[in-house]
Amino acid sequence: MSAPFPRATVLGVGLIGGSFALALRRAFPAVRVAGWDRGEVLDRALERGIIDRASTDLSGACRDADLVYLSLPVEESIRRLPEIAAAVPAGSLVTDSGSTKTLVCDAAQKAFLPPRLFLGGHPITGKELGGCEHASADLFSGAPYVLAGESGPQDERISRLTAVIEAMGARPVWLAAERHDYLIAFLSHLPQIAAVALAETVLAETGEAAASLAGPGLRDSLRLAGSPYALWADIFHTSPCLDEAIERLIASLERLRSRVSSGALAEDFEQSGHLYKILRGR
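The sections below set out a description of the structure shown in this document. (Residues numbered from 1 in each chain as written. Predicted model: local features only at pLDDT ≥ 70, side-chain atom pairs only at ≥ 80, totals over all residues. Heavy atoms only, no water.)

**What about the overall build of the protein chain?**
Consideration 1: Summing up its helical and strand segments, the protein chain has 12 helices and nine strands in all.
Consideration 2: Computed over C-alpha atoms, the radius of gyration of the protein chain comes to 21 Å, within 12% of the 19 Å expected from 2.2 N^0.38 for 282 residues, which places it in the range of a compact globule.
Consideration 3: Reported as C-alpha extents along the three principal axes, the dimensions of the protein chain are approximately 65 × 40 × 35 Å.
Consideration 4: Look at the contacts in the protein chain between residues 6 or more apart in sequence, and 74% of them connect residues 24 or more apart.
Consideration 5: Carbon and sulfur atoms provide 56% of the accessible area of the protein chain, an area that totals close to 14,700 Å². (Helix = DSSP H or I, 4+ residues; strand = E, 2+ residues; numbered from the N terminus. Rg over C-alpha atoms; globule rule 2.2 N^0.38 Å. Contact = heavy atoms within 4.5 Å. Areas by Shrake-Rupley, 256 points an atom, 1.4 Å probe, with all protein chains shown as cover.)

**Looking at the packing of helix α7 (residues 177-206) against helix α11 (residues 242-260)**
Consideration 1: At a minimum axis distance of 9 Å, the contact between α7 and α11 shows a crossing angle of 60 degrees. Here the hand of the crossing between α7 and α11 comes out right-handed. Along its contact with α7, which presents Y182, A185, F186, H189, L190, I193 and A194, the element α11 presents L242, E244, A245, I246, R248 and L249.
Consideration 2: Residue composition of the contact of α7 with α11, by class: 10 nonpolar, one polar and two charged. (Axes fitted to C-alpha atoms, helices over the stretch in contact; angles between N-to-C directions. Left-handed = near helix turned anticlockwise from the far one by under 90°. Nonpolar A, V, L, I, M, F, W, Y, C, P; charged D, E, K, R; others polar.)

**Description of the environment of F28**
Consideration 1: By the element assignment, F28 lies in the loop between α1 (15-27) and β2 (32-36).
Consideration 2: The spacing of F28 and A167 is 139 residues in sequence and 8.7 Å in space, taken between C-alpha atoms.

**Here we look at unusual backbone geometry**
Consideration 1: At the junction of P114 and P115, the peptide bond is cis and its omega measures out at 10 degrees in the coordinates.
Consideration 2: If you trace the backbone, P115 turns up in the loop between α5 (102-111) and β6 (117-119).

**Things to note about the side chain of T100**
Consideration 1: Counting through the fold element by element, T100 comes out in the loop between β5 (93-96) and α5.
Consideration 2: At 2.7 Å, the side chain of T100 and the side chain of T238 are in polar contact.
Consideration 3: In this view, T100 contacts V74, H180, D181, H189, I235, T238 and S239; residues no more than four positions away in its chain are not counted. (Polar contact = N/O pair within 3.5 Å; in protein donor to acceptor, adjacent residues only side chain to side chain.)

**Quick word on a nonpolar patch on the surface**
Consideration 1: Judged by side-chain polarity, L275, I278 and L279 come together as a nonpolar surface patch covering roughly 280 Å² of accessible area.
Consideration 2: Here L275 shows up in helix α12 (residues 266-281).
Consideration 3: Residue classification places L275 among the partly exposed residues on the basis of a relative accessible area of 48%. (Patch = residues over 30% accessible without salt bridge, like charges linked within 9 Å, V, L, I, M, F, W, Y side chains within 5 Å. Salt bridge = Lys/Arg side-chain N within 4 Å of Asp/Glu carboxyl O. Buried < 20%, exposed > 50% of the residue type's maximum accessible area, 1.4 Å probe, protein only.)

**Comments concerning the packing of helix α4 (residues 74-87) against α5**
Consideration 1: Viewed as axis vectors pointing N to C, α4 and α5 meet at an angle of 15 degrees, and their least axial separation amounts to 9 Å. What the angle tells us is that α4 and α5 run roughly parallel. Handedness of the crossing formed by α4 with α5: right-handed. Side by side, α4 and α5 meet where V74, S77, I78, L81, P82 and A85 of the first sit next to L103, V104, A107, A108 and A111 of the second. (Parallel < 35°, antiparallel > 145°, perpendicular 65-115°, else oblique.)

**Looking at the packing of aromatic side chains**
Consideration 1: In the structure shown here, the tally under the stated rule is six aromatic pairs.
Consideration 2: For the pair F112 and F118, a centre-to-centre distance of 5.7 Å together with 45 degrees between the ring planes defines the contact as tilted.
Consideration 3: For F118, a relative accessible area of 13% puts it in the buried group.
Consideration 4: Geometrically, the ring pair formed by F140 and Y145 is tilted, given 6.1 Å between the ring centres and 35 degrees between the ring planes.
Consideration 5: Overall, F140 belongs to the buried group, its relative accessible area being 1%.
Consideration 6: Three or more aromatic residues link up through ring pairs in this structure, and these residues are F20, Y69, F140 and Y145. (Phe/Tyr/Trp six-rings, centres within 6.5 Å; stacked < 30°, edge-to-face > 60°.)

**Looking at the nonpolar core**
Consideration 1: One finds V13, F20, L24, I50, F140, Y145 and L161 to be the most contacted residues of the largest nonpolar core, which totals 39 residues.
Consideration 2: Looking at this core, the elements with two or more residues in it are β1 (7-11), α1, α2 (39-48), β4 (67-70), β6, β8 (144-148) and α6 (156-167).
Consideration 3: With residues near it in sequence (within four places) discarded, Y145 still touches F20, Y69, D96, G121, H122, P123, F140, I165, A170, R171, P172 and V173.
Consideration 4: Grouped together as the second largest cluster of nonpolar side chains are 23 residues, A85, F118, A148 and A177 included. (Core = buried A, V, L, I, M, F, W, Y, C linked by side-chain atoms within 4.5 Å.)

**Notes on the side chain of D66**
Consideration 1: With respect to the helices, strands and loops of the structure, D66 is situated in the loop between α3 (58-62) and β4.
Consideration 2: When near neighbours in sequence (up to four residues on either side) are disregarded, D66 contacts F5, P6, R7, S92 and L93.

**Observations regarding the environment of H122**
Consideration 1: Here H122 is to be found in strand β7 (residues 121-123).
Consideration 2: Given a relative accessible area of 7%, H122 falls into the buried group.
Consideration 3: Between the C-alpha atoms of H122 and E166, which are 44 residues apart in sequence, the distance is 14 Å.
Consideration 4: Not counting chain neighbours up to four residues away, the residues in contact with H122 comprise D96, S97, G98, S99, K101, P144, Y145, V146, H180 and I184.
Consideration 5: Within the structure, the side chain of H122 is placed 2.8 Å from the side chain of H180, a separation counted as a polar contact.

The following block contains the structure:
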């Protein structure tokens, strides 16, 4: 199959960027993929066959790319956008993988002028551990892949990107940047904060007993607590709706606490069980 984008560049060859490169190369073997990152990261990416060419010069890495995949922390992506926009060819497409969209899309609107094009994106996937050593071509398979917009493709380059996403096994979903950030604050960012809060509480009150007496329920509940803060610091800082999400969770906990003594939790358990069944069957 011919590659919709014969030359791609991945800026940030970590878990997501590396997985995108692997999935792209598997779906379209003819594509040539360059990578930009720190030298030691690029060495590992070359060893694993994630990229064909390595560069520590961002402008040089972008200069001949048909597709630029920006997989950096959101705030760094925003800082780099003017340099990227100045370096990419006129007919290229630049997209990102950031977990928040409003700030980066607003910045890109100022940095990119036609015919250069930026489209915000967010693959709804990941692992507790980052780095290209954990990258996998299967990471996107079966996952929603948000594209930041009110509707479908308005440019043939976007149609080609949509075809790439589908070839990777992901499912493109169109959402306005603001709507994305609101939903993901509840669906992704809040569960991470809740897992950390639960882990802190349990550890502070039980100490070593947490390891010797806890069953699989606690372990399953704390899976996200194993994620390093380095993966989340930038996400939390750029999530415009996280504070509201935390307030809603606090309100829910207060409401549940008020009902515990009366035993009036049947409806709450029924609702939460319904959501779990939906997620389990997805």
